[in-house]
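This is what each chain is made of:
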Amino acid sequence: MEKVKSWENFEDLIRLKGEGSHVSEPFIEYQNHGLKVGDIMIPMSHRPKTAQLVRIFFEQSEHFLSKDQMIELVYGRSMGSLSPRMKQSLHQNLIKLVSRSRTFLTEACRMKGADHIKWFYFDREIQKWALYHV
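Keep in mind it's a predicted model, so treat the numbers as computed, not measured.

**Q** Describe the sheet that holds strand E1 (residues 28-31), naming the residues involved and giving the relevant values.
**A** The 3 strands are arranged E1-E2-E3 in an open sheet whose pairing can be described as antiparallel. One side of each edge strand has no neighbouring strand; the edge strands of this open sheet are E1 and strand E3 (40-43). Each strand axis lies, on average, 20 degrees off the axis of its neighbour in the sheet, ignoring direction. Two elements, E1 and strand E2 (residues 34-37), share 4 bridges in a ladder whose sense is antiparallel. Among the inter-strand pairings, tyrosine 30 is bridged to a residue of E2, identified as leucine 35. Contacts from helix H2 (residues 48-59) reach E1 and E2 within the one sheet, and its direction differs from that of E1 by about 120 degrees.

**Q** Which residues make up the pairing of strand E6 (residues 128-133), and what values go with them?
**A** In terms of residue burial, E6 counts as a mostly covered element, since 5 of its 6 residues are buried. Alignment of strand E5 (residues 118-123) against E6, held across 5 bridges, turns out to be antiparallel. Bridge pairing in E6 places lysine 118 opposite histidine 133. Between E5 and E6, which pair antiparallel in sequence order, lie 4 residues; one of them, glutamine 127, sits at a positive phi of approximately 60 degrees.

Conventions we followed
- Residues numbered from 1 in each chain as written.
- Predicted model: local features only at pLDDT ≥ 70, side-chain atom pairs only at ≥ 80, totals over all residues.
- Heavy atoms only, no water.
- Pairing = 2+ DSSP bridges.
- Helix = DSSP H or I, 4+ residues; strand = E, 2+ residues; numbered from the N terminus.
- Axes fitted to C-alpha atoms, helices over the stretch in contact; angles between N-to-C directions.
- Contact = heavy atoms within 4.5 Å.
- Buried < 20%, exposed > 50% of the residue type's maximum accessible area, 1.4 Å probe, protein only.

And the structure:
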């Protein structure tokens, strides 16, 4: 398995690796409430929050997002103006959403043979989330 890496820009994240690599990174794009992973189309219209979470990563210029950024973008709430109790609640909701979304995408890809993708990767070094890593 390759060492986890940080991508310099979003194009590096979704571009196919060059020949000679033992694990290829699939082309990934977001399309109308669905995610296309290589030749796999994963419909997400029945999972609006998962679709929103995935779309957020595609719309941001940064490919890594902090927990607070994700909460603000998914739930539309500014973390600075919230009570500690509300912050904790939204944090728990985000963790559940990420976990359920990760399971959904992992299972959808596993059935099609793309099980080397790890969805919603948390980089402990920089304390931020990425959509995936291989």
